[in-house]
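# A closer look at the structure
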Amino acid sequence: MPIPLVYHPSYSFPFPGRHRFPMEKFRLLHERLTEAGIATPANLHRPGRARPALLTLAHCPDYLDRFLNDRLEEKEAKRLGLPWSPELARRTCIAPMGTLVTARLALRHGIACHLAGGTHHAHYDFGSGFCVLNDLAVTARALLAQGRVERLLIFDCDVHQGDGTAAILADEPRAFTCSIHCEKNFPTRKMHSDLDVGLPLGLEDDAYLSTVTETLSHLLETVRPDLVLYDAGVDVYAGDPLGRLSVSLAGLAERERRVLSLCRDRDVPVATVIGGGYDDDRAALARRHALVIEAASSLWRD
């Protein structure tokens, strides 16, 4: 059986060509996986629009209403860093549902991959760093409220700390947040995850992979989660303009293999989101984001 994938065409829409955020990468990722035969009509799931009752499990109703109706103050909009549009508002309400659908599929099948998600800088009542709503926090709150899991692990390997996730879930002991990130990078003001692993500038493959492997192995043993939400940000790549680490393409592929293998070998369901990644060469960026899904497809097929 092919692994379940979650995607919606609204994830990519026309965006300012010189903008730092690569909005077209979601479409390019889907196209790459389709060409490789990994994404097919048989295994592709399309999420619907999340209702406010779901989104307000992790977000302030007033903030949500003001964003959806284009009433953010100038300072708030600048902190978010994305130009408002009806397409952005539509996408924002679909993507968190996509991560929730991915998590539900992972609980059923052992693995599922979202071709978006990982907006971990969004806080309870404000957006930040290209993140409007926090799909990881929404999903965690929903799964716990619905009794689908008793304990889950958010394992965040994006190069930037998952500050919004840490803040929103700080009072939820059943959701364990772990962020492995470049310490001297955005955000300047870090929040307190349940476990933060700050990495030095320029860290290369061997030390990086050892840290990721040892950290996840320890957490799977001690936290004993019913589900892992894995943020597979590729901005740890040496060529990423916002990364500041020195992980090679081979190292990135090995990270995906190790993380997913550890979860599979311990029979812990894992739901992946793509997280951050930046590059003017959008096709190359999509190839890096595809690595986690290619690894999942290979490991679960084997």
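Above this text is the structure in question.
Let us look at the structure shown here. (Residues numbered from 1 in each chain as written. Predicted model: local features only at pLDDT ≥ 70, side-chain atom pairs only at ≥ 80, totals over all residues. Heavy atoms only, no water.)

### Examining the overall build of the chain
How we decide: By the criteria applied, helices consist of DSSP H or I runs no shorter than four residues and strands consist of E runs no shorter than two, each listed in order from the N terminus. The globule rule used for comparison is 2.2 Å times the number of residues to the exponent 0.38, while the radius of gyration itself is calculated over C-alpha atoms. A simple rule labels every residue: compare its accessible area, found with a 1.4 Å probe on the protein chains alone, to the largest value its type can have, and call it buried under 20%, exposed over 50%, or partly exposed in between. Shrake-Rupley sampling with a 1.4 Å probe provides the accessible areas, and residues are treated as covered by the protein chains on show and by no other component. None of His or the chain ends enter the tally, which takes Lys and Arg as positive and Asp and Glu as negative. In this description, the location of a charge corresponds to atom NZ of lysine, CZ of arginine, CG of aspartate or CD of glutamate.
Assigned secondary structure in the chain consists of 10 helices and 8 strands. For the chain, whose C-alpha radius of gyration is 17 Å, the value lies close to the compact-globule estimate of 19 Å for 302 residues. Counting only C-alpha atoms, the chain reaches 50 × 45 × 40 Å along its principal axes. The 302 residues of the chain split such that 60% are buried. Surface summary for the chain: the accessible area is close to 12,600 Å², and the carbon and sulfur share equals 50%. Charge separation in the chain, taken as the distance between the mean sites of 35 positive and 39 negative side-chain charges, equals 3 Å.

### Focus: the sheet that holds strand β4 (residues 152-156)
This is how the line gets drawn: At least two bridges found by DSSP between two strands is the condition for calling them paired. Any two residues whose heavy atoms approach within 4.5 Å at even a single point are treated as in contact. Angular values range over 0 to 180 degrees, each being the angle between N-to-C directions of two axes fitted as lines to C-alpha atoms, with helices fitted over their stretch in contact.
The strand order across the open sheet built from 8 strands is β2-β1-β3-β8-β7-β4-β5-β6, with neighbouring strands paired in parallel fashion. What marks the edges here is a single partner per strand, and that holds for β2 (44-45) and β6 (195-199). Inspection of the sheet shows strand β1 (residues 5-6) paired to strand β3 (residues 111-114) by 2 bridges, in the parallel sense. Looking at the pairing, L5 lines up with C113 of β3. Along the sheet, helix α9 (residues 249-265) contacts β3, β4, β7 (227-231) and β8 (270-273); its crossing angle with β7, the most-contacted strand, is approximately 170°.

### Some words on the side chain of T92
Along the polypeptide, T92 turns up in helix α5 (residues 86-109). The class for T92 is buried, based on a relative accessible area of 6%. Contacts of T92, omitting those with residues within four sequence positions, involve F67, V132 and L133.

### Observations regarding the packing of aromatic side chains
The test is simple: Here is the rule: rings of Phe, Tyr and Trp (six-membered ring for Trp) pair when centre to centre is within 6.5 Å. Planes less than 30 degrees apart are stacked, more than 60 are edge-to-face, and the remainder are tilted. For a ring to carry a charge above it, either NZ of a lysine or CZ of an arginine must fall within 6 Å of the ring centroid while also lying within 35 degrees of the normal to the ring plane.
If you walk through the whole model with that rule in mind, you get 7 aromatic pairs. A ring pair is formed by Y11 and F26, whose centres lie 6.4 Å apart and whose planes are at 70°; its orientation type is edge-to-face. Taken together, the residues Y11 in the loop between β1 and α1 (25-35) and F26 in helix α1 connect sequence positions 15 residues apart. Residue Y11 is classed as buried on the basis of its relative accessible area, which comes to 0%. Both rings, one in F130 and one in Y278, keep their centres 6.2 Å apart while their planes meet at 50°; by these two values the pair is tilted. Residue F130 is located in the loop between β3 and α6 (135-145), and its partner Y278 is located in the loop between β8 and α10 (282-301); the two are separated by 148 residues in the primary sequence. Aromatic ring contacts, followed pair by pair, group Y7, Y11, F21, F26, F130 and Y278 into a single cluster. Lying across the ring of F26, R91 places its NZ or CZ 4.4 Å from the centre.

### Observations regarding unusual backbone geometry
Residues F186 and P187 are joined by a peptide bond in cis, for which omega reads -5°. With respect to the helices and strands, the residue P187 is situated in the loop between β5 (175-182) and β6. For R224, which is not glycine, the phi torsion reads 50° and is therefore positive. Among the secondary structure elements, R224 is positioned in the loop between α8 (205-222) and β7. On the basis of relative accessible area, R224 is assigned to the exposed category, the value being 58%.

### Concerning α1
Inspection of α1 places K25, F26, L28, L29, H30 and L33 among the buried residues, and these make up the whole buried set. Just past α1, the residue G37 takes up positive phi, approximately 80°.

### Regarding the pairing of β8
Rules: A clockwise course of the path from the first strand over the helix to the second, judged with the strands pointing away from the viewer, identifies a crossover as right-handed.
Burial along β8 is two-sided: V270 and T272 and A271 and V273, pointing in opposite directions, are all buried. One ladder, built from 3 bridges, connects β3 with β8; its direction is parallel. Looking across to β8, one finds that A112 is bridged to A271. Read from β7 through α9 to β8, the crossover connection turns out right-handed.

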